[in-house]
Amino acid sequence: MFKKFEMERFQSLYENEVKYNLSDSGNHPMSINQLFNEEEVKALLDMEIFYGYSKGDPRLCEAVSMWYPEKTSDNILITNGSAEANFVMATTLIQPEDEVVLVLPNYMQIPGIVENIGAKIINTYLKEELDWHIDMDEMRSLVTPKTKLISICNPSNPTGAVMSDSEMEELAEIARQNNAFVHSDEVYRGSELNNIETKSFANFYEKTIISCGLSKSFAHPGLRIGWVVADSSLIADMWSRKDYSSITSSVLSQEIAIKIMSETNKEKILSRSSVMLESNLQLFQTWLDKHDGLFSFVPPKAGGMAFVGYQMDINSTEYAHKLRTEQSVLIVPGDHYGMDSYLRFGIGSEANYLSEGLSLVSDSIQSLGY
Ligand SMILES: Cc1ncc(COP(=O)(O)O)c(C=O)c1O
């Protein structure tokens, strides 16, 4: 049976209907006026909306490649969001007879796609007692010469954990010994709360495939711009898949993306993200402290989300729907990650909005008698 993407469907059904959408994991979106001056806006309005390049505008491929060590435009495929990057990566690399090691919880798109392909899935879970880091001994025991691909999400959705350089070196070594590919979804790279940018896995391992995009750290989800970074022959294979799926990404979005990925704007946007998230995390922590004993929490190191365990006697999906229908607040239930008794709160929105939404969550908690 076709495995549906529960979290995406849940969000698209409800996120535009509620008063407080705390289900988003990115940073509050920016507008065109925040980046472009009047003349540039006029140039955008005058643009002819042609097809453009199906592999991606060469100027954008070049700008994106600068964010990765020793990569050139040949190593980049522009996609419609990192969702399409993940999709072309998985459908290019994975066959039904393959074995894939997945680090969970993650965004849950790759697990669904791999399950739908029919490949063998071997899961390893991030451990809360390891501050949501990978258990490398367990990883070492699971990866074998039969492993085609190890898939990670770093920084992690939903935990916000960030792998250290030495952890990435260790994982690269495990993969190298078994000749496995590593796929690293890095869409939250650049929104570290301490402003120290996570290194791309591409720094550590030659058989790495990166998916990334502008939706989270770069605060432009509606542009639907993402990319894959990989060896040029793999890029060529994935491009062939893209010819069948979406052909190309919007020329208008790519034009805006070129501006975003220029050195000065990139730095500006990423530090906006870090500053916002750092102060929102304090706000969130203060709110959690008011509910002493009810939640367990390892603060995120990156990304606009907080993943908390709870002690209430109610299923996470049931609770998310209760909150949605009674308080018009949307959060993500742990069930979507296969982890009931956890909840994911988006903390990347504007501070007032976040604080008003959380206050309604408090009302709902009280109504349950906690
Ligand atoms: C880890 C991760 N990858 C990919 C995506 C898809 O994002 P987009 O296609 O907007 O880049 C998301 C969205 O939440 C995500 O969290």
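Residues numbered from 1 in each chain as written. Predicted model: local features only at pLDDT ≥ 70, side-chain atom pairs only at ≥ 80, totals over all residues.

> Got a sec to walk through the overall build of the chain? Specific residues and values, please.
When you go through the chain residue by residue, the secondary structure sums to 12 helices and 13 strands. The dimensions of the chain, computed from C-alpha atoms along their principal axes, are 60 × 55 × 40 Å. Out of the 370 residues in the chain, the part that is buried amounts to 46%. Summarising the internal contacts of the chain: among those between residues at least 6 apart in sequence, 74% fall at separations of at least 24. (Helix = DSSP H or I, 4+ residues; strand = E, 2+ residues; numbered from the N terminus. Buried ≥ 20, exposed ≤ 12 C-beta atoms within 10 Å, placed from the backbone. Contact = placed C-beta atoms within 7 Å.)

> For the pairing of strand β8 (residues 225–229), give the residues involved together with the corresponding values.
For β8, the tally of buried residues reaches five of five residues, placing the bulk of the element in the interior. Neither face of β8 is left uncovered, since the one carrying Ile225, Trp227 and Val229 and the one carrying Gly226 and Val228 both have all their residues buried.

> So what about the site of the ligand? Which residues, and what values?
Around the ligand, a shell composed of 14 residues is seen, among which Gly81, Ser82, Ala83, Tyr107 and Ser215 lie nearest. In terms of residue class, the shell around the ligand is built from five nonpolar, eight polar and one charged. (Near = placed C-beta within 6 Å. Nonpolar A, V, L, I, M, F, W, Y, C, P; charged D, E, K, R; others polar.)

> Tell me what's going on with helix α9 (residues 251–260), and back it up with residues and numbers.
Buried within α9 we find Ser253, Gln254, Ile256, Ala257 and Ile260. The arc that holds every buried residue of α9, seen down its axis, measures 165 degrees, which confines them to one face. Lining the buried residues of α9 we find α3 (58–65), β2 (76–80), β8 and α10 (263–290). (Arc of directions from axis to C-beta.)

> Describe the sheet that holds strand β4 (residues 120–125), and please don't skip the residues or the numbers.
Reading across from one edge, β2-β8-β7-β6-β5-β3-β4 is the order of the seven strands in this open sheet, with mixed pairing throughout. Whereas interior strands pair on both sides, the edge strands pair on one side only; in this sheet they are β2 and β4. Looking at each pair of strands side by side, their axes are set apart by 20 degrees on average, direction ignored. As paired elements, strand β3 (residues 99–104) and β4 share six bridges and run parallel to each other. When the sheet's bridge partners are listed, Val100 is paired in β4 with Ile121. α3 rests against β2 and β8 of the sheet, and its axis sits at about 110 degrees to β2. (Pairing = 2+ DSSP bridges. Axes fitted to C-alpha atoms, helices over the stretch in contact; angles between N-to-C directions.)

> Please set out the domain arrangement of the chain residue by residue, giving values where relevant.
Parsing the chain into structural domains produces domain 1 (6–30 + 266–364) and domain 2 (48–262). At the interface, 29 residues of domain 1 touch 31 residues of domain 2. At the level of secondary structure, the elements contributing two or more residues to the side of domain 1 that touches domain 2 comprise α10 and β10 (305–310). Residues of the side of domain 1 that touches domain 2, tallied by class, amount to 14 nonpolar, 11 polar and four charged. (Domains from an automatic or database assignment.)

> Any details on the environment of Phe5? Residues and values, ideally.
Secondary-structure assignment places Phe5 in the segment before α1 (6–14). The sequence separation of Phe5 and His336 amounts to 331 residues, and the corresponding C-alpha distance is 8.9 Å. Beyond its immediate stretch of four places on either side in the chain, Phe5 contacts Gln109 and Gly112.

> Account for the nonpolar core, naming residues and giving values.
Counting residues in hydrophobic clusters, the biggest one holds 99 residues, and the most contacted among them are Val182, Trp227, Val228, Ile331 and Phe345. Structurally, this core is a two-domain feature, drawing no fewer than three residues from each of domain 1 (6–30 + 266–364) and domain 2 (48–262). With residues up to four places along the chain from it excluded, the contact list for Trp227 reads Val64, Ile76, Leu77, Ile78, Thr79, Ala85, Cys212 and Gly213. (Core = buried A, V, L, I, M, F, W, Y, C linked by C-beta atoms within 7 Å.)

> Explain the sheet that holds strand β13 (residues 342–346) to me, and be specific about the residues and the numbers.
Sheet architecture is open: four strands sit in the order β9-β10-β13-β12, paired in antiparallel fashion. Edge positions in the open sheet fall to β9 (295–297) and β12 (332–333), since each of these has one partner strand only.

> Go over helix α4 (residues 81–93), please, and point to the residues and values.
The end-to-end C-alpha distance of α4, which contains 13 residues, comes to 19 Å, matching closely the 18 Å that a straight helix rising 1.5 Å per residue would cover. Taking burial as the measure, the 13 residues of α4 include 10 buried ones, the bulk of the element. For α4, the set of buried residues is Gly81, Ser82, Glu84, Ala85, Asn86, Phe87, Val88, Met89, Ala90 and Leu93. (Expected span 1.5 Å × (residues − 1).)

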